[in-house]
Structure formats: structure tokens, C-alpha cells
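Observations on the three-dimensional arrangement
So you can see what is in the structure, the chains are spelled out below.
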Amino acid sequence: MELRVSLCIAAQVLSVALSPQPVAAGSKQPESTGQGSICEIDETHEKCGVTLPVESGAELPFRLSAGYLIMVEGQIGAQRNLRFILDTGATMSIVDKKIADKLKLSCHPIESFNFDRKLVWEQAEFPEIRFGPVAATKTVMLIGHLAEYSEFAKNADAIIGVDLLKLSNFSIDYKAKKIVFHLRGLQATVARGEPLSDCLILEVQVQSHTIRLIVDTGIAGILMYEERLRTSVPGLQLTGTVINVTMGGRLHAKQVTLHGVAIGPTDRDVSVLLMNSPPPDMLPGIVGIIGIAALNARRVNFDFARGTLSWE
């Protein structure tokens, strides 16, 4: 049997040489040591061109697009009421070209990695971007045609990645359809060296073996790299029928059921997509990507300061 499924967003890597620091849910992750500026929170709440939220508990309503993508209103420069998708799997934020063109910015090309291909973007420094209580000035972001990047992003004006999301800890309340922001702590890092080090990486047990998955709000389910999974889980056992699927009209994968997957305290059978692994220097140590929906949670808490993820 063969199915066609839509390609999720997931802009995973914007650098070739990466060194992710995996953490388990509830464990501590060291602060990034990449080359970058340390922005301290003082009485003015602004240094290094980054403004951090000053009021813990500030809320931002959201709506779900395509059933799982988190879309909020935001602002870039004087352009208000823009549609932002919040994507914890994107290491760098992306602005649609139609929005960037209005600012007449100085741009230069840059490459990113997305599943099996490299993508070419433009990159520019934006004077200001805001969503909810988070505001950043003089921020470098990617520029491209989002509709060509993903069919799910065709109605978005920007994809907000971890480079901006990490400026505040926050909770996603799916029942109330709101995001609650929390002051991150004493400092935040504007990363320029190892972008993936700021992504949250969840350790999951598969048939009593530990694997590492990037936590990604831009994907609906669970996607794993088959070769890496079989290396990490010797004697891997699959159950049920294997279904061939095509993602986004070009990527081939297999939909399978994995037995004995523990996401949290309970083992269960989980449906996943298996696809070919990227080159060894891409996402080293990462076996796949897990969407928030796979947690079956009503509220998910992101703590970038400690590198932890919790849910209820």
C-alpha cells in the first residue's frame, strides 16, 4: 500500500557541523558555549539588541493550523497583525520574502538543511520583531518564499524558530489555546556558533534502548531515521503492516508501528514514519523528530534556561 502525506515544516539544521547536547525530560542541559553574546537582564531589560519579556505570566492566544501548527499574531517593523508559526524544530527564524521586501534590507545568501536537501535562502538583519511579550531588535533572520518551503507555511508571514523562542521560557496550554510566557532567568544567549544546541532533545526508550529525538512543534507525529534507529536499537521489532508513503510529493518513507516505546513512564505501541538518514555530519546523535501531539498532553512546558521539557 502507498499513501501520500503532506510534508511537515521542520527546518532542522542551518549549519553543517553541529554538536547537540541531548537531555532527558526533566534533566538539566548546560548553557550554550558557542560563540555569541551574553545578554544580561538588567533594569532596562535590554542589551545586545535583544529585549526580553519583563512580565512573567504574560499570555498570547494562538490557533492551530492543520491541526497541530501553532500560529500567533506578530509584528515586524511597522507591519502588524502578521501570522507567525512557532516552530521549535527550526534553529533560525524565517520571514516570507513579501514581508522582507517591504523593508528594503541588505541581504546575502545562506544554506540550510531540511531532511534530504539543502535549501538556499537570503539572510538579513531585521530592525525589530515582536510576538506577545517577546521583542527583539537587530535580529538576523532568513528570508524566503514560505509557500515553496512547505504547503503548511503558505499562509504564514514568518516561522519563529528557537533563536527567538529561547528568549523566554513558556508553556503551551492546548485546552485554553494560549501561550504563557515565563521570565527565562538571569541570562540568555544569542547563539551564533552551534544553533542546534538550543533545541530541546528528548530521550525516549525504544525496546529498552535510549534514542534522542528533537522536540518539534512543526511536525504532527514522529519521524525517525531508519538506519540510525536500527543502529541504536539492535534487533528492532516492528509490528503490523508496513505502508509506503510519499511526503510532500518527493520524500519516500515507511509508516510502521514500533512496539515498546516509552515516552514518559508507560510503554506503548507507536506509529512512526521511517526515512533515510541524513549524512553523518548532519544531526549527529539524533535519531529523529517528535511532534508535541505524540506526548498526548494538554499543557507542555519549555524551559530553555535548563534545557528541560515537561508536560501534563
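Residues numbered from 1 in each chain as written. Predicted model: local features only at pLDDT ≥ 70, side-chain atom pairs only at ≥ 80, totals over all residues. Heavy atoms only, no water.

**Considerations on the overall build of the protein chain**
Each helix and strand counted, the protein chain has four helices and 25 strands in total. Every one of the 312 residues in the protein chain was classed for burial, and the buried ones make up 54%. Pairs at least 24 apart in sequence give 68% of the contacts found in the protein chain among residues at least 6 apart. Only carbon and sulfur atoms are counted for the fraction: they give 50% of the accessible area of the protein chain, which is about 13,600 Å². (Helix = DSSP H or I, 4+ residues; strand = E, 2+ residues; numbered from the N terminus. Buried < 20%, exposed > 50% of the residue type's maximum accessible area, 1.4 Å probe, protein only. Contact = heavy atoms within 4.5 Å. Areas by Shrake-Rupley, 256 points an atom, 1.4 Å probe, with all protein chains shown as cover.)

**Observations regarding the environment of Asp216**
One can find Asp216 in strand S18 (residues 209–216). Asp216 gets classed as buried once you look at its relative accessible area, which sits at 0%. For the pair formed by Asp216 and Cys199, sequence separation is 17 residues and the distance between their alpha carbons is 8.7 Å.

**What to know about the pattern of salt bridges**
Once the charged atoms of two side chains with opposite charge are near each other, the side chains can pair. Within the structure shown, the criterion is met by twelve salt bridges. Put simply, Lys97 and Asp101 hold a salt bridge, and the shortest N to O gap is 3.3 Å. Placement of the pair is Lys97 and Asp101 together in helix H1 (residues 97–101), with a separation of four residues, close to one helical turn. Owing to a relative accessible area of 22%, Lys97 belongs among the partly exposed residues under this scheme. The partly exposed category is assigned to Asp101, whose relative accessible area is 42%. (Salt bridge = Lys/Arg side-chain N within 4 Å of Asp/Glu carboxyl O.)

**Considerations on the sheet that holds strand S25 (residues 308–311)**
Ordered by their spatial adjacency, five strands build an open sheet running S5-S15-S14-S24-S25, and the pairing between neighbours is antiparallel. Each end of this open sheet is capped by a strand with a single partner; those strands are strand S5 (59–61) and S25. Ignoring which end each strand starts from, the neighbouring axes of this sheet average 15 degrees apart. Relative to strand S24 (residues 299–303), strand S14 (residues 169–173) is paired through four bridges, and the arrangement is antiparallel. Bridging from a neighbouring strand, Phe170 pairs with Phe302 of S24. (Pairing = 2+ DSSP bridges. Axes fitted to C-alpha atoms, helices over the stretch in contact; angles between N-to-C directions.)

**Thoughts on the side chain of Ser171**
Along the chain, the position of Ser171 falls in strand S14. The class for Ser171 is buried, based on a relative accessible area of 3%. A polar side-chain atom of Ser171 sits 3.0 Å from a polar atom in the side chain of His182. In terms of polar contacts, Ser171 uses its side chain to reach the side chain of Asn301, at 2.6 Å. Setting aside its immediate chain neighbours within four residues, Ser171 contacts Lys178, Ile179, Val180, His182, Arg299, Val300 and Asn301. (Polar contact = N/O pair within 3.5 Å; in protein donor to acceptor, adjacent residues only side chain to side chain.)

**Some remarks on the environment of Asp198**
One can find Asp198 in the loop between strand S16 (187–191) and strand S17 (201–206). Along the backbone, Asp198 and Gly307 are 109 residues apart, and their C-alpha atoms lie at a distance of 7.8 Å.

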